[in-house]
Amino acid sequence: MMAEVKASLLCGVVAALLSSAVLAVVEDLDDTFKDTRVNDIWLVDFYAPWCGYCKKLEPVWHEVGVELKTSGSPVRVGKMDATAYSGMASEFGVRGYPTIKLLKGDLAYNYKGPRTKDDIIEFANRVSGPAVRALPSKQMFEHMMKRHDVLFVYVGGDSPLKEKYSEVASELIVYTYFFSASEEVLPESVTLPELPAVVVFKDGGYFTYDEYEDASLSSWVNKERFQGYLQIDGFTLYELGETGKLVAIAVIDEKDPTEESGRLKTLIQRVAKEYREHFNRDFQFGHMDGNDYINSLIMGEVTVPSVIILNTSNEQYFLPSEPIETMEQLVQFINGVLNGSAQAHGGDGFIQRIKRVAFDARSTIMSVFRSSPLLGCFLFGLPLGVISLMCYGICTAESDDGSDDIDALKREGLTDEEDEEEEEERQRAAELEGPEEGENEEDDAGEKDPEEKKTD
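None of these values were measured; they are calculated from a predicted model.

**Some remarks on the sheet that holds strand S3 (residues 75-81)**
- Reading across from one edge, S1-S3-S2-S4-S5 is the order of the five strands in this open sheet, with mixed pairing throughout. Lying at the two open borders of the sheet, with one neighbouring strand each, are strand S1 (26-28) and strand S5 (107-110). Neighbouring strand axes in the sheet, compared pairwise and without regard to direction, differ in orientation by 30° on average.
- Pairing between strand S4 (residues 99-104) and S5: four bridges, direction antiparallel. Bridged to Leu 103 within S5 is Ala 108.
- Relative to the sheet, helix H3 (residues 52-70) contacts S1, strand S2 (41-47), S3 and S4, its axis offset from that of S3 by approximately 155°.
- Across the face of the sheet, helix H5 (residues 117-128) comes into contact with S2, S3, S4 and S5 while running at roughly 25° to S4.

And the structure:
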């Protein structure tokens, strides 16, 4: 028995030590952080105590702190109550909870990826390092090619293009890695028309930045940072919105694949590869499993399988006028969207915004009722019942007040009808009593005459 007690106590002590160790690697920050942070690289979670998403992130955040601490990373991990230090949070541009930022010198990088330990750590390691990493050998180049689906490389010596490349890398390192190499490091199959050059390796090939055709280097990198064909989910679609591209999607059901689904998916993949020169600057291609997310975007229902093109910048969408069966039909549909001949649906106009508010409200109510009917009845039935009672009370109160006023007027004899009746009665009484009063006056005068004579 004593052995079991000692074992349980030992386990409790070990758990407490581990808990304190975890807490120690995530520092609680206050308003002095602004002055003390300059010489270090910080990964900070700005949170609110009442925020449910913040509470969900908390255990993940401790795991991030432990991982970075044990791996020897220079990144320090902290958290700040943005409601207690609202001024400090405002200076760092915190507008929602939780907000994750990596602070390096005078720069602040926002993390917008999935809130998982691996993704956050990958972000911290990428952004905390140099904006442009050197690839000194063929072996290192091949290793990086295996690790990354999309690889940006500057090839050449010092030049204005290299300076511009470094600026873009500092801006967009939150999304992807940037490397530099000499021409000798590249595979022999890679031939560049001129140096210096910026090259992206992806989709089994490589593509070179053209200053005259591709506009700014920043815009080109932002559009090329994705593979030509992707599996798209809600988060990926949000990121694609920042590229300014239209998104052509094959909506399929991967749990119940059909021949039609496979055919549409293959057509989208072929267009992405074979028509890259025609559509790459304006379109991103991919497929999405299920239509739930698309339905919520367009406030309608898309059949599965089908093809849809989304314009995430203005919430418009395009549907083919007839079923897509061949490559030519798909290319024709995409060209119609590109040249403006295809009919656009949706948008972000005033009417559409009203529809969005109504749609979101209905979706919220329906989701509450589906998940918990009793809770839905309480949340929405109780307010309606209270409002109904209030309306009933107001209506009945007005009718009662009116009757009370009439009763009061009747008691005081101030109603118009009773005034008229009393006036008529007084007139009739005056007519009847008038002569008697006159005769009495004459009699009184006759009786006074003898007395007056006597007095004389």
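**Some points on the sheet that holds strand S13 (residues 283-289)**
- The six strands are arranged S11-S13-S12-S14-S15-S16 in an open sheet whose pairing can be described as mixed. On the outer flanks of this sheet lie strand S11 (229-231) and strand S16 (345-346), each paired with one strand and no other.
- In terms of strand pairing, strand S15 (residues 316-318) meets S16 through two bridges, oriented antiparallel. Residue pairing across strands places Tyr 317 opposite His 345, the latter belonging to S16.
- Running at roughly 155° to strand S12 (residues 246-252), helix H10 (residues 259-274) makes contact with S11, S12, S13 and strand S14 (306-311) of the sheet.
- Contacting S12, S13, S14 and S15, helix H13 (residues 327-339) runs over the sheet at an angle of about 20° to S14.

**Overview of H13**
- Along its 13 residues, H13 runs 18 Å from first to last C-alpha, staying within 8% of the 18 Å computed at 1.5 Å per residue.
- Listing the buried residues of H13 in full gives Met 327, Leu 330, Val 331, Phe 333, Ile 334, Gly 336 and Val 337.
- Of the surrounding secondary structure, the elements contacted by the buried residues of H13 are S12, H10, helix H11 (276-279), S13, S14 and S15.
- After H13 finishes, the residue Gly 340 shows a positive phi value of roughly 90°.

**Concerning the side chain of Asn 291**
- Residue placement: Asn 291 occurs in the loop between S13 and helix H12 (292-298).
- Setting aside anything within four residues of it in sequence, one finds Asn 291 in contact with Val 251, Glu 301, Val 302 and Val 304.

**Points about the packing of helix H7 (residues 160-172) against helix H8 (residues 217-224)**
- Where H7 meets H8, the closest approach of the two axes is 10 Å, and the angle between their N-to-C directions is 50°. Taken together, the axes of H7 and H8 lie oblique to each other. Judged by the twist between their axes, the crossing of H7 over H8 is right-handed. Along the contact surface, H7 presents Leu 161, Lys 164, Tyr 165, Val 168, Glu 171 and Leu 172, while H8 presents Leu 217, Ser 218, Val 221 and Asn 222.
- Here the residues of the contact of H7 with H8 are counted per class, giving six nonpolar, two polar and two charged.

**Some words on a nonpolar patch on the surface**
- The grouping of Phe 350, Ile 351 and Ile 354 at the surface amounts to a nonpolar patch, some 360 Å² of accessible area in total.
- Here Ile 354 shows up in helix H14 (residues 350-371).
- On the basis of relative accessibility, which here comes to 47%, the residue Ile 354 falls in the partly exposed class.

**Describing the pattern of salt bridges**
- Per the counting criterion, the structure on display carries 14 salt bridges.
- Across the pair Arg 76 and Glu 27 runs a salt bridge whose closest N-O atoms are separated by 3.0 Å. Taken together, the residues span a long stretch of sequence, with Arg 76 in strand S3 and Glu 27 in strand S1 at a distance of 49 residues.
- Between Asp 28 and Lys 79 there is a salt bridge, with the nearest N and O atoms lying 3.9 Å from each other. In this pair, Asp 28 sits in strand S1 while Lys 79 sits in strand S3, placing the two residues 51 residues apart along the sequence.
- Counted as one network, the salt bridges with shared partners bring together Glu 27, Asp 40 and Arg 76.

Conventions adopted
- Residues numbered from 1 in each chain as written.
- Predicted model: local features only at pLDDT ≥ 70, side-chain atom pairs only at ≥ 80, totals over all residues.
- Heavy atoms only, no water.
- Pairing = 2+ DSSP bridges.
- Helix = DSSP H or I, 4+ residues; strand = E, 2+ residues; numbered from the N terminus.
- Axes fitted to C-alpha atoms, helices over the stretch in contact; angles between N-to-C directions.
- Contact = heavy atoms within 4.5 Å.
- Expected span 1.5 Å × (residues − 1).
- Buried < 20%, exposed > 50% of the residue type's maximum accessible area, 1.4 Å probe, protein only.
- Parallel < 35°, antiparallel > 145°, perpendicular 65-115°, else oblique.
- Left-handed = near helix turned anticlockwise from the far one by under 90°.
- Nonpolar A, V, L, I, M, F, W, Y, C, P; charged D, E, K, R; others polar.
- Patch = residues over 30% accessible without salt bridge, like charges linked within 9 Å, V, L, I, M, F, W, Y side chains within 5 Å.
- Areas by Shrake-Rupley, 256 points an atom, 1.4 Å probe, with all protein chains shown as cover.
- Salt bridge = Lys/Arg side-chain N within 4 Å of Asp/Glu carboxyl O.

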